[in-house]
Amino acid sequence: MNTYDQDCLFCRIVREEIPAKIVFRNEHVVAFRDITPVAPRHVLIIPVTHISSLSELKSEDEAIAGQILLAAGTVAEILGIKASGYRLVFNSGSDAMQSVFHIHAHLIGGQQMGWPPFP
Ligand code: DGP
């Protein structure tokens with residue numbers, strides 16, 4: 001059964017109580033455009049079940065973690081950046097500037113990126 005937190009913004013997007021530009025969804029995940037994109041293509045991939053952050057993932061969440069990674073390839077294909085390349089980022093905790101506490105992968109692409117990702 002999926003866990004739901006009524007105070008969680010992303011849980012409300014899953015339930016379509018808050019609108020979002022959804023690009024892909026299945027029974028495990030929802031992928032939607034980030035409201036403040038940092039690149040020409042920027043989509044968030046979230047599990048339908050509420051898990052607050054990467055560091056809260058438990059061994060029993062293995063399938064959920066796998067579904068997020070599997071969805072990334074599908075979303076990249078939908079966005080037309082599978083061949084050109086893309087980056088998948090999980091911000092976890094304050095140093096990483098996580099601001100929404102429902103685990104999410106940022107799928108970013110559509111431009112040449114640098115590495116390391118900070119100045
Ligand atoms: P993070 O810092 O990793 O927790 O990223 C949270 C992202 O969520 C941030 O890039 C902006 C995005 N975001 C916040 N609120 C909304 C919203 O209401 N709708 C959408 N589509 N994205 C949101």
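These numbers were taken from a predicted model, which means no experiment stands behind them.

Brief notes about the side chain of His106
Point 1. Looking at the element boundaries, His106 is found in strand E5 (residues 105-109).
Point 2. For His106, the side chain forms a polar contact with the side chain of His42, separated by 2.8 Å.
Point 3. Sequence-distant contacts of His106, defined by excluding residues within four places in its chain, comprise Asp34, His42, Val43, Leu44, Arg87, Leu88, Val89 and Asn91.

Concerning the sheet that holds E5
By way of backbone hydrogen bonds, the strands of a sheet pair with one another, either parallel or antiparallel.
Point 1. With respect to topology, 5 strands assemble into an open sheet ordered E1-E2-E3-E5-E4, the strand pairing being antiparallel. Both edges of this open sheet fall to strand E1 (22-25) and strand E4 (86-89), since each of them pairs with a single strand only. Between one strand axis and the next, the sheet turns by 20 degrees as a mean value, whatever way the strands run.
Point 2. Relative to E5, E4 runs antiparallel, the two being bridged by 4 bridges. Paired with Arg87 across the two strands is Ile108, which belongs to E5.

Section: the site of the ligand
Point 1. Inspection of the region around the ligand gives 16 residues, with Arg33, Asp34, Ser99, His104 and His106 positioned closest.
Point 2. The separation between an oxygen atom of the ligand and a polar main-chain atom of Met97 is 2.9 Å.
Point 3. Interatomic distance of 3.0 Å between a backbone N/O atom of Val100 and an oxygen atom of the ligand.
Point 4. If you map the ligand onto the pockets, it falls in the largest pocket.
Point 5. Of all the secondary-structure elements, those providing two or more residues to the shell around the ligand are helix H1 (9-14) and strand E2 (29-33).
Point 6. Among the elements that line the shell around the ligand, the one with the most residues is H1, at 3 residues.

What about the layout of surface pockets?
Point 1. Each pocket or cavity is described by its volume, and for the largest pocket that value is around 470 Å³.
Point 2. Lining the largest pocket are 23 residues, with Phe10, Asp34, Ile35, Thr36 and Leu44 positioned closest to its centre.
Point 3. Contributions of two or more residues to the lining of the largest pocket are made by H1, E2, strand E3 (41-47) and E5.
Point 4. At 3 residues, H1 tops the list of elements feeding residues into the lining of the largest pocket.
Point 5. Tallied by class, the residues present in the lining of the largest pocket amount to 13 nonpolar, 7 polar and 3 charged.
Point 6. Taken together, Val38, Ala39, Arg87, Val89, Ile108, Gln111, Met113, Gly114, Trp115, Pro116, Pro117 and Phe118 form the lining of the second largest pocket.
Point 7. For the lining of the second largest pocket, the class distribution of residues is 9 nonpolar, 2 polar and 1 charged.

What counts as what
Residues numbered from 1 in each chain as written. Predicted model: local features only at pLDDT ≥ 70, side-chain atom pairs only at ≥ 80, totals over all residues. Heavy atoms only, no water. Helix = DSSP H or I, 4+ residues; strand = E, 2+ residues; numbered from the N terminus. Polar contact = N/O pair within 3.5 Å; in protein donor to acceptor, adjacent residues only side chain to side chain. Contact = heavy atoms within 4.5 Å. Pairing = 2+ DSSP bridges. Axes fitted to C-alpha atoms, helices over the stretch in contact; angles between N-to-C directions. Near = heavy atom within 4 Å. 1 Å grid on protein atoms, 1.4 Å probe; cavity = no way out; pocket = protein on both sides within 12 Å on 5 of 7 lines; lining within 4 Å. Sits in = over half its atoms within 2 Å of the grid points. Points joined across faces, edges and corners; volume = space filled by probe spheres on them. Nonpolar A, V, L, I, M, F, W, Y, C, P; charged D, E, K, R; others polar.

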